[in-house]
Amino acid sequence: MPGRFLVVEGIDGSGKSSQVERLGRWLPHSGLMPPGAELVVTREPGGTPLGKQLYNIILNPQLALHRQAELFLFAADRAQHVETKIRPALSQGNWVVSDRFSGSTVAYQGYGRGCDLELIDTLEQVATGGLTPDLTLWLDLPPQQAHDRQGLQPPLPEKDPFEGAGLGFAQRVAHGFQQLAGERGWWPIAAGEPLAVVEAAIQHACRSTFALDR
């Protein structure tokens, strides 16, 4: 049986990283994965050595990247990620959980930055080679609440160009995620609930989606 591909999406501050970590601990013991299958937990951007280098370029404020250049760097990161990490793992029957995938590019570079959505769609098809997740979990959190959460966190050692883009940007990105969730059949998760409640909702979504595989 081929592997399964899960993605967790959401705006900055929605709790993605925490829930990806919890999902990575739970899935191998959930009874959903077939015997012998391994779990690969990865991320975008930066899920490969090349991706880390590309993300360092994106993070460098001295380069003053144009939004179009930024878009193409994310597409390059995704192409490398899919072909050297995700697709090989799936072909071996392993499962993959990714913190972000192509939906983030549509939301951030399309709705947030204002890049052409048709161009983004074309780049997505090229970079992914048609690969789509078996389940996308959308952590739905109001932008103001996400903004308040970020204010309580210690500053990152490297400045993320999106976290400091302001509430208006976050609202545009959140709208993009909402549109995508409806268009692509993502599983919405109310991310404003306590961590344990969010975790339980994610586990329910996984069981509902993959229980029939066994």
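Owing to the predicted nature of the structure, the values given are computational and were not obtained by experimental measurement.

About the thresholds
Here the residue numbers are simple positions, counted from 1 along each chain's written sequence. Only residues with pLDDT of 70 or above have their local features reported here, since the model is predicted, and side-chain atom pairs are shown and tallied only from 80 upward, although totals for entire chains, interfaces and linings are computed over all residues. By convention in this description, side-chain values take in all heavy atoms of the structure and omit both hydrogens and water. Throughout, nonpolar core names a set of buried Ala, Val, Leu, Ile, Met, Phe, Trp, Tyr and Cys residues whose side chains join them through atoms within 4.5 Å. Relative accessible area decides the class of each residue, using a 1.4 Å probe on protein chains only: under 20% of the type maximum gives buried, over 50% gives exposed, and in between gives partly exposed. The numbering of helices and of strands both runs from the N terminus, where a helix is a DSSP run of H or I of at least 4 residues and a strand a run of E of at least 2. Residue contacts follow a heavy-atom distance rule, with two residues in contact if any of their heavy atoms lie within 4.5 Å. In this analysis an axis means a line fitted to C-alpha atoms, helices contributing only their contacting stretch, and an angle means the value between N-to-C directions, from 0 to 180 degrees. An angle counts as roughly parallel when it lies under 35 degrees, as roughly antiparallel when it exceeds 145, as roughly perpendicular when it falls between 65 and 115, and as oblique in every other case. A clockwise turn of the near helix away from the far one marks a right-handed crossing, whereas an anticlockwise turn of less than a right angle marks a left-handed crossing. In this count, Pro and Cys sit with the nonpolar residues alongside Ala, Val, Leu, Ile, Met, Phe, Trp and Tyr, while Asp, Glu, Lys and Arg are called charged and the others, Gly among them, polar. One less than the number of residues in a helix, times 1.5 Å, gives the span that helix is expected to have. Summarising the geometry, the arc corresponds to the directions from the helix axis toward the C-beta atoms. For two strands to pair, DSSP has to find at least two bridges joining them.

Participant: Would you mind showing me how to read the nonpolar core here?
Facilitator: In terms of nonpolar packing, the biggest core is built from 39 residues, with L6, L23, L27, L137, F177, I202 and C206 touching the most fellow members. With six residues, the top contributor of residues to this core is helix α7 (residues 167-184). Not counting residues within four places of it along the chain, the set of residues in contact with F177 comprises E9, G10, I11, R100, G103, S104, A107, Y108, W138 and W186. Formed by nine residues, the second largest nonpolar core is a distinct cluster that contains F5, V7, A89 and V96.

Participant: Looking at this structure, I do not really get the packing of helix α1 (residues 16-26) against helix α8 (residues 195-210). What am I missing?
Facilitator: Relative placement of two packed helices is described by the angle separating their axes and the distance separating the axes. Remark: α1 packs on α8, axes separated minimally by 10 Å, with the N-to-C direction vectors making an angle of 55°. The angle between α1 and α8 falls in the class oblique. The interaxial crossing formed by α1 with α8 has right-handed handedness. Across the interface between the two elements, S18, Q19, R22, L23 and W26 from α1 touch L195, A196, V198, E199, I202, Q203, C206 and R207 from α8. A class-by-class count of the residues in the contact of α1 with α8 yields seven nonpolar, three polar and three charged.

Participant: What's the story with α7 in this structure? I'm lost.
Facilitator: Since one α-helical turn is 3.6 residues long, residues separated by three or four positions face the same way. Between its first and last C-alpha, α7 extends 25 Å over 18 residues, near the 26 Å set by a 1.5 Å rise per residue. Among all positions in α7, only F169, A170, V173, A174, G176, F177, L180 and A181 are buried. An end-on view of α7 places all buried positions within 160° of arc, on one side of the element. Opposite the buried face of α7, at more than 90 degrees from it, the exposed residues are G182 and E183. Backbone geometry just downstream of α7 places G185 in the positive-phi region, at approximately 70°.

Participant: Help me out: how do you make sense of the sheet that holds strand β4 (residues 135-140) in this one?
Facilitator: One key point about sheets: their strands pair by backbone hydrogen bonds, in either a parallel or an antiparallel sense. Judged by pairing direction, the sheet is parallel, and its five strands sit side by side in the order β2-β3-β1-β4-β5 without closing on themselves. Strands at the two margins of the open sheet, each flanked by one partner only, are β2 (39-43) and β5 (187-190). For this sheet the average axis-to-axis angle between neighbouring strands, irrespective of direction, equals 20°. With five bridges joining them, β2 and strand β3 (residues 95-99) adopt parallel strand pairing. Its bridge partner being in β3, L39 is matched across the sheet by W95.

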